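Geometric and topological summary
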Amino acid sequence: MKKNSTKKQTPAVQPVQEKHEIRPGQSLELLKELHILTRDGKLNQDSRRKLKQVYHLYQFIEPLLLKLQESHANISLVDHGAGKSYLGFILYDLFFKSGQAQSQAHIYGIETRDELVQKSTELAQRLNFPGMSFLNLSVADSTHSDKLPEQIDIVTALHACDTATDDAIQFALKKKAKFMVLVPCCQAEVAAELRKSKGDAVRSNPLSEMWRHPIHTREFGSQITNVLRCLQLEAHGYQVRVTELVGWEHSMKNELIVAEYKGMPAKRPGDRLAEMLNSTGLDNLRERFFLPQ
């Protein structure tokens, strides 16, 4: 009896927390405002999943920030389609907050919904995050806005729908961004063009069977859109890495593109891009996937 009772005793020491649990120094008020923590400071199953997703993405971005920090402390980051600015706030809280007194580093959240811009602005003030600001602009309009610096270090665009990802790429190219972190979403423009493709180049291309049926058109359109984006970035001198956002189980849009500027534009990717546009009947999109002059 005594032996059995000993077996059933609960250990006094709790297991070590998983790596996606709340990190030391993380603002609990921020996590509550972002609805990652409940009002009484608890994590439920849904909020654990959200926190895991945010931290997983942070693992991709933190090394880029550290690399930038080697050359200058005043890092500038623009987050396109910011929404409630989950990413911007988490980045600031984990990376920038501790050195904000000595640094002019800044995160800009770009969002078209004015009510979200206002809420994010108020939250940044309440949390004393002076290096954050939010602009009520579309991605395309932000490219020409005088409210943003001439040069930006890193550009993020997470689940920016359809052509908004391409607008973010255009923004980053104009701003000479060192890094881009993109999670594309809802690529409809290319699929629409594929449906209209009737030219000789397509009719003589047996690979056109890959988008003959409507469901294949949608899937192939999404795939080729990201392939064209990667070729465009390589043509402009970026080294591109494409991977999966493991942990974003709730979304089928799970492709992550990380680009780092390395130097001179490359000719071969540009030639490949032009060939693909021609062979798939997508020549009308040459302006969208523009190459270096």
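These notes cover the structure that comes with them. Since we're looking at a predicted model, the values are computed, not measured.

Regarding the overall build of the chain
A tally of helices and strands in the chain yields eleven helices and seven strands. Taking all 293 residues of the chain together, the buried fraction comes to 48%. For the chain, the proportion of contacts with a sequence separation of at least 24, taken over those separated by at least 6, is 76%.

Here we look at unusual backbone geometry
For H35, which is not glycine, the phi torsion reads 60° and is therefore positive. Along the chain, the position of H35 falls in the loop between α2 (28-33) and α3 (45-69). One non-glycine residue, N128, adopts positive backbone phi at about 60°. Here N128 lies in the loop between α5 (114-126) and β3 (132-136).

Points about the packing of aromatic side chains
Where two aromatic rings form a pair, the distance of their centres and the angle of their planes describe that pair. In the structure shown here, the tally under the stated rule is seven aromatic pairs. Between Y92 and F129, the ring centres sit 4.8 Å apart and the planes meet at 35°, which makes this aromatic pair tilted. With Y92 in helix α4 (residues 86-96) and F129 in the loop between α5 and β3, this residue pair connects regions lying 37 residues apart in the sequence. Classification of F129 as buried rests on a relative accessible area of 4%.

Looking at the sheet that holds strand β4 (residues 154-161)
An order of β3-β2-β1-β4-β5-β7-β6 is seen for the seven strands of this open sheet, with the pairing classed as mixed. A single partner strand is all that each edge strand has here, and the edge strands are β3 and β6 (238-244). The mean angle between the axes of side-by-side strands here comes to 15°, regardless of whether they run parallel or antiparallel. Relative to β4, strand β1 (residues 76-80) runs parallel, the two being bridged by four bridges. Paired with D79 across the two strands is T156, which belongs to β4. Here helix α10 (residues 214-235) sits on the sheet and contacts β5 (179-185), β6 and β7 (255-261); the angle it forms with β6, its principal contact strand, is near 150°.

Rules used in this analysis
- Residues numbered from 1 in each chain as written.
- Predicted model: local features only at pLDDT ≥ 70, side-chain atom pairs only at ≥ 80, totals over all residues.
- Heavy atoms only, no water.
- Helix = DSSP H or I, 4+ residues; strand = E, 2+ residues; numbered from the N terminus.
- Buried < 20%, exposed > 50% of the residue type's maximum accessible area, 1.4 Å probe, protein only.
- Contact = heavy atoms within 4.5 Å.
- Phe/Tyr/Trp six-rings, centres within 6.5 Å; stacked < 30°, edge-to-face > 60°.
- Pairing = 2+ DSSP bridges.
- Axes fitted to C-alpha atoms, helices over the stretch in contact; angles between N-to-C directions.

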